[in-house]
Each structure stands twice: as structure tokens, then as C-alpha cells.
Amino acid sequence: MKLFSFVICTAAVIAFTSCNSDKKEGGTTSPSSFNLDSAKAEIAASNAVFSDGFIKNDSSLYISRYTKDGCIMPANSPRLCGSEQLAAFFRGGYDMGIRNVKLTTDEVIGGPDVVTETGQYEIMDAGGKSLDKGKFIVAWKQEDGKWKMYRDIWTTDAPMPAVK
């Protein structure tokens, strides 16, 4: 009987400690507490704020959507990282006439450390005229308890110019 009790107690201790050992290094979030639907909702809200940055001409609204070490990888340009480079790039877009960005999420997959969003974008001028449409992939990770864009790449759906 003592052996049976010892086995039960040992199994209970192992089960209890293995549940608590899933915690992230340096944090308190365990993978079992990750909720993909919550991540999707936070990403949708962040995308709306990102778009508002162009509508309101407020670069802080879209720059704050990125991690401190966030990078974008636009076509025909080198990779740009950090708040200063991102701000300069997006200010340039605003100066070229971009006044609204519509982001449509197709899919969000991943886990507690990184989620990946795929979707479509449309860029418009002040009159609502479409300037470009395409697709994107964004790797999101948590920073200061919020999902933020870590790596962002997009490509246009516009056809390649004809070779002359």
C-alpha cells in the first residue's frame, strides 16, 4: 500500500512540475495559455491603427505597430530596420500620395512565440483611387505584452513592365 501511495504521489508531483516547466524563459506565459483567436483579434486591431496612421498623417501610429527591432522588406529596396528607417520609408510613402492602406488578413498561423499573418493590401490616394494591390506576409511576435510586427514583406500584383 505504501508503494502504491508513493507511486501516486510521485506521478502527481511529476505531472504538476511538468505543467509549470512549460513557462517561457524569463516570462510567465505558458504555451497552454496561448490563444490564436486572441492573437488574430489583436492583429486585426493593430492593422486598423496602422491604416489610421496614413489617414491621420501620424507616423507614430504605424511605427508603434512594429517591434523595436522590426524590419520591412519592400520590393526594389534593401531591408529597412528600426524605428528611424521605418518612419523615413513610410513618410516617403505619404509624401508620394498614399493616404490609406487597406489590409485584409487571409490567415494567421503559429504559436506562443511567433505568429505569421498572410493577406492582401490595397494602397489608395486621398480620393480613394487604388495606387497598388498585392499580398503580404508578416511575422508577429510579442513585445511588452502586445503582438507587434517583427518582419514585414509585401509584393505587388501589378504586372511586370514589358521588356523593350
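Parameters at a glance
- Residues numbered from 1 in each chain as written.
- Predicted model: local features only at pLDDT ≥ 70, side-chain atom pairs only at ≥ 80, totals over all residues.
- Heavy atoms only, no water.
- Disulfide = S-S within 2.5 Å.
- Helix = DSSP H or I, 4+ residues; strand = E, 2+ residues; numbered from the N terminus.
- 1 Å grid on protein atoms, 1.4 Å probe; cavity = no way out; pocket = protein on both sides within 12 Å on 5 of 7 lines; lining within 4 Å.
- Points joined across faces, edges and corners; volume = space filled by probe spheres on them.
- Nonpolar A, V, L, I, M, F, W, Y, C, P; charged D, E, K, R; others polar.
- Salt bridge = Lys/Arg side-chain N within 4 Å of Asp/Glu carboxyl O.
- Buried < 20%, exposed > 50% of the residue type's maximum accessible area, 1.4 Å probe, protein only.
- Contact = heavy atoms within 4.5 Å.
- pLDDT = per-residue confidence, 0-100.
- Pairing = 2+ DSSP bridges.
- Axes fitted to C-alpha atoms, helices over the stretch in contact; angles between N-to-C directions.

Caption draft 1: Structural context of the state of the cysteines. Under the criterion given, the structure shown has 1 disulfide. Paired by a disulfide, Cys-71 and Cys-81 hold their sulfur atoms 2.0 Å apart. Here the disulfide of Cys-71 and Cys-81 is right-handed, its torsion about the S-S bond being about 110°. Of this pair, Cys-71 sits in strand E1 (residues 66-73) while Cys-81 sits in strand E2 (residues 80-81), and the two are 10 residues apart along the sequence.

Caption draft 2: Local environment of the layout of surface pockets. Counted as a void, the largest pocket has a volume near 650 Å³. Listed by contribution, the elements that provide at least two residues to the lining of the largest pocket are helix H2 (36-55), helix H4 (82-95), strand E3 (100-110), strand E4 (114-124), strand E5 (130-143) and strand E6 (146-156). The dominant element in the lining of the largest pocket, judged by the number of residues it contributes, is E6, at 5 residues. Taken together, the residues of the lining of the largest pocket break down into 18 nonpolar, 6 polar and 3 charged.

Caption draft 3: Highlighting the pattern of salt bridges. Using the criterion set out here, one finds 5 salt bridges in the structure. With a shortest N-O distance of 3.9 Å, Glu-143 and Lys-68 are connected by a salt bridge. In this pair, Glu-143 is assigned in strand E5 and Lys-68 in strand E1, connecting sequence segments 75 residues apart. In this structure Glu-143 comes out as buried when scored by relative accessible area, which is 15%.

Caption draft 4: Representation of the side chain of Ser-51 in the model. Looking at where Ser-51 falls in the secondary structure, it is placed in helix H2. The class of Ser-51 is buried, set by a relative accessible area of 10%. In this structure, Ser-51 is in contact with Asn-100, Val-101, Lys-102 and Leu-103, ignoring residues within four places of it in sequence.

Caption draft 5: Summary view of the confidence of the model for the protein chain. Within the protein chain, residue pLDDT values average 84, and 80% of them lie at 70 or more. Segment residues 1-29 is flagged for pLDDT under 50; beyond a separation of four residues in sequence, or across chains, it makes 9 contacts in the model.

Caption draft 6: Seen up close, the sheet that holds E1. Within the open sheet, the 6 strands sit side by side as E2-E1-E6-E5-E4-E3. Their pairing is mixed. Edge positions in the open sheet fall to E2 and E3, since each of these has one partner strand only. With 11 bridges connecting them, E4 and E5 associate as antiparallel partners. Bridging across to E5, Glu-122 finds its partner in Lys-133. H2 rests against E1, E3, E4, E5 and E6 of the sheet, and its axis sits at about 165° to E3.

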